[in-house]
Each structure stands twice: as structure tokens, then as C-alpha cells.
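Here's the letter readout for the chains.
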Amino acid sequence: MPKHKLRVQDIVEAPPKKVFALFSDHEQVGKLLGAPMKRIKDSTESKDPNGVGSVRRVGPPIGGFEETVLVSDPEKRIEYTVSKGGPIKNHLGVIMFEPVGKDTRVTYTIEFDSKIPFIGGIIAGALKSAIQK
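Residues numbered from 1 in each chain as written. Predicted model: local features only at pLDDT ≥ 70, side-chain atom pairs only at ≥ 80, totals over all residues. Heavy atoms only, no water.

The subject of this paragraph is the pattern of salt bridges. What the rule picks out here adds up to five salt bridges. Residues R56 and E67 are paired through a salt bridge, measuring 2.5 Å at the closest nitrogen-oxygen approach. Of the two residues, R56 sits in strand β3 (residues 55-58) while E67 sits in strand β4 (residues 65-73), which places them 11 residues apart along the sequence. E67 matches R56 in its accessibility class, with the two residues each being buried. Across the salt bridge formed by R77 and E79, the nearest N and O atoms sit 2.5 Å from each other. Residue classification places R77 among the partly exposed positions, given a relative accessible area of 27%. (Salt bridge = Lys/Arg side-chain N within 4 Å of Asp/Glu carboxyl O. Helix = DSSP H or I, 4+ residues; strand = E, 2+ residues; numbered from the N terminus. Buried < 20%, exposed > 50% of the residue type's maximum accessible area, 1.4 Å probe, protein only.)

What follows covers the packing of helix α1 (residues 16-24) against helix α2 (residues 26-33). For the pair α1 and α2, interaxial distance at closest approach is 5 Å and the crossing angle is 90°. With respect to their mutual orientation, α1 and α2 come out roughly perpendicular. Residue-level inspection shows L22, F23 and S24 of α1 in contact with α2, the latter providing H26, Q28, V29 and L32. Split into classes, the residues belonging to the contact of α1 with α2 amount to four nonpolar, three polar and no charged. (Axes fitted to C-alpha atoms, helices over the stretch in contact; angles between N-to-C directions. Parallel < 35°, antiparallel > 145°, perpendicular 65-115°, else oblique. Contact = heavy atoms within 4.5 Å. Nonpolar A, V, L, I, M, F, W, Y, C, P; charged D, E, K, R; others polar.)

On to the nonpolar core. Residues F23, I95, F97 and Y108 are the most contacted members of the largest nonpolar core, which totals 23 residues. Among the secondary structure elements, those contributing two or more residues to this core are β1 (4-12), α1, α2, β5 (77-85), β6 (88-100), β7 (103-114) and α3 (120-132). Here this core gets four residues from one element, more than from any other, and that element is β7. Beyond its immediate sequence surroundings of up to four residues, I95 is in contact with F23, K76, R77, I78, Y80, V106, T107 and Y108. (Core = buried A, V, L, I, M, F, W, Y, C linked by side-chain atoms within 4.5 Å.)

Let us look at α2. All of the buried residues in α2 are H26, V29, G30 and L33. An end-on view of α2 places all buried positions within 110° of arc, on one side of the element. With a side-chain oxygen lying 3.1 Å from the backbone nitrogen of E27, the N-terminal cap of α2 falls on D25. In the stretch just after α2, G34 is the one whose phi turns positive, near 75°. (Arc of directions from axis to C-beta. Polar contact = N/O pair within 3.5 Å; in protein donor to acceptor, adjacent residues only side chain to side chain.)

Along α1, the residues classified as buried are P16, V19, F20, F23 and S24. Along the axis of α1, the buried residues cluster in a sector spanning 125°; they form a single face. With respect to the buried face of α1, the exposed residues turned more than 90 degrees away are K17 and K18. On its buried face, α1 sits against β1, α2, β4, β5, β6 and β7.

Tallied over the full model, the rule gives four aromatic pairs. The rings of F20, F23, Y80, F97 and Y108 are connected pair by pair, giving a single aromatic cluster. The ring of Y80 carries the charged tip of R56 above its face, separated from the ring centre by 4.8 Å. (Phe/Tyr/Trp six-rings, centres within 6.5 Å; stacked < 30°, edge-to-face > 60°. Lys NZ or Arg CZ within 6 Å of the ring centre and 35° of its normal.)

Attention shifts here to the side chain of E111. Relative to the assigned elements, E111 resides in strand β7. When its relative accessible area of 19% is taken as the criterion, E111 is described as buried. Within the local environment of E111, its side chain forms a polar contact with the side chain of K5, the two groups lying 3.4 Å apart.

As C-alpha cells, this is what we get:
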């Protein structure tokens, strides 16, 4: 079981279809989280290039890392993992979308272990800060 876990929940004033579209688009979610992201491999399992099996590069070409989409259930759930690089391992990111009237409750959970002792808490704090904004 991963040592570090963070959970952020908020209501977004938009319907699930629109919110899911934003979070599932690799480059748009990068802008939202304030991190450069670029899709480097299209999904081979769906018509959506950002779907299951797609890979995005997060950060600069040197020192960044790659994330692979594991689950893409439109308007409901996205799961992804850090698949290459970075200072973390055993990573799982889960973003849940739940309709609340005309709005959407977004629950973002990340679990991971740190490859480098004592920096996991710093990474968790930075991730939580980026997600909360």
C-alpha cells in the first residue's frame, strides 16, 4: 500500500461532460494544473486519442516523467499511473466525476511511494497545491 495519499474534492460549476472533457485532454489539464503536459502516444483502445493507453509527458524533456491512462470512463472516472521517470513509484491517480444538479463534484485522489527518502511529503504538498487551485 502506498505511503503517501492525498485527496482533493471540489464542486465545479459545469456539467460532468464538460468537466470530464477538460480533465481527459492531456494538454488542457496541464494548463489547469500549471504543468506542461503533452500527449506523446495516442490511445490504441478507443477513438479518443487521450483514452486508455495514451501517454503524456509531464514537465520538461529532461527531468520530467510520463503518465499512462489506465481507465477512461467518460463523465465518470479517469485513472492513470506514472509509467516512466520522476521521483515517485507505485503511483495511482484517480479522478472521479459526480453530477450535483447542473454542476460536477470532482474527487481527485493520488497515492504513491517516493523513490527518494523523505521527499514524499514535499511532493504530496506540491501536488495538493497544484490540484486545489
